[in-house]
Amino acid sequence: QVQLVESGGGLVQAGGSLRLSCAASGRTFSSVAMGWFRQPPGKGREFVAAIWCRGGMTYYAESVKGRFTISRDNAKNTVYLQMNSLKAEDTAVYYCAADRKCGSGSTSLDEYDHWGQGTQVTVSS
């Protein structure tokens with residue numbers, strides 16, 4: 001079992017940066033891939049980024065490629081999402097999620113079986 005708690009959200013101006021953190025508890029964190037998803041107002045949840053269990057591979061949605069960076073520190077049981085050059089359309093609730101497998105860049109919500117409660121990111125234009 002993995003419990004996930006996101007932090008680092010807030011209000012930022014367009015062009016600014018935020019770093020989200022997701023702290024995990026449970027002894028399986030380092031054996032599973034992790035992902036970030038987001039849910040914009042009035043829309044469904046969408047894939048943002050994913051990273052393999054040992055950080056060897058990363059995957060990004062086209063809309064954030066080159067602006068967002070996913071990373072993890074298995075010694076701290078934490079996964080991060082560094083968000084730069086933020087745009088108004090990045091406004092959403094951001095969720096971290098744990099995959100069932102070590103090596104997966106899945107964009108599908110169904111592949112992730114543990115979710116955090118979400119953190120709000122608001123980008124003002």
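Residues numbered from 1 in each chain as written. Predicted model: local features only at pLDDT ≥ 70, side-chain atom pairs only at ≥ 80, totals over all residues. Heavy atoms only, no water.

Engineer: Even after reading the chapter, I still don't get the nonpolar core, so can you show me in this structure?
Structural biologist: One recurring pattern in soluble globular proteins: nonpolar side chains tend to sit buried together. Counting residues in hydrophobic clusters, the biggest one holds 33 residues, and the most contacted among them are M34, W36, L81, M83 and Y94. If you list the elements that add at least two residues to this core, you get strand 3 (18–25), strand 4 (34–39), strand 5 (46–51), strand 7 (68–73), strand 8 (78–83), strand 9 (92–99) and strand 11 (119–124). (Core = buried A, V, L, I, M, F, W, Y, C linked by side-chain atoms within 4.5 Å. Buried < 20%, exposed > 50% of the residue type's maximum accessible area, 1.4 Å probe, protein only. Helix = DSSP H or I, 4+ residues; strand = E, 2+ residues; numbered from the N terminus.)

Engineer: Sorry if this is basic, but what is going on with the side chain of D99 here?
Structural biologist: Inspection of the secondary structure puts D99 in strand 9. Separated by 3.3 Å, the side chain of D99 and the backbone nitrogen of K101 make a polar contact. Leaving out residues up to four positions away in the same chain, D99 has contacts with V32, A33, S104, S106, E111, Y112 and D113. (Polar contact = N/O pair within 3.5 Å; in protein donor to acceptor, adjacent residues only side chain to side chain. Contact = heavy atoms within 4.5 Å.)

Engineer: Would you explain the pattern of salt bridges in this entry?
Structural biologist: Working definition: two side chains of opposite charge can pair if their charged atoms are close together. Counted by the stated rule, this structure contains seven salt bridges. E46 is the partner of R38 in a salt bridge, and the nearest nitrogen-oxygen pair spans 2.7 Å. Judged by its relative accessible area of 4%, R38 falls in the buried class. For the salt bridge of R67 with D90, the shortest nitrogen-to-oxygen distance reads 2.7 Å. Pair noted here: R67 is in the loop between strand 6 (58–60) and strand 7 and D90 is in the loop between strand 8 and strand 9, with a separation of 23 residues, a long-range link. Each of the two residues, R67 as well as D90, counts as buried. Among the charged side chains, a network of salt bridges with common partners joins R38, E46, R67 and D90. (Salt bridge = Lys/Arg side-chain N within 4 Å of Asp/Glu carboxyl O.)

Engineer: I tried to follow unusual backbone geometry on my own but got confused; where do I start?
Structural biologist: Working note: non-glycine residues mostly have negative phi, and peptide bonds are mostly trans. The phi dihedral of N77 is positive, around 50°, even though this residue is not glycine. Mapped onto the elements of the fold, N77 is located in the loop between strand 7 and strand 8. Here N77 falls in the partly exposed class, since its relative accessible area comes to 22%. Phi is positive for S85, which is not a glycine, with a value near 50°. Within the secondary structure, S85 sits in the loop between strand 8 and strand 9.

Engineer: What am I meant to see in the environment of L81 here?
Structural biologist: The residue L81 is located in strand 8 in this model. Sequence separation between L81 and L18 is 63 residues, and the spatial gap between their C-alpha atoms is 8.2 Å. Apart from the residues lying within four places of it in its own chain, the contact partners of L81 are L18, R19, L20, W36, V48, A49, F68, T69, I70 and Y94.

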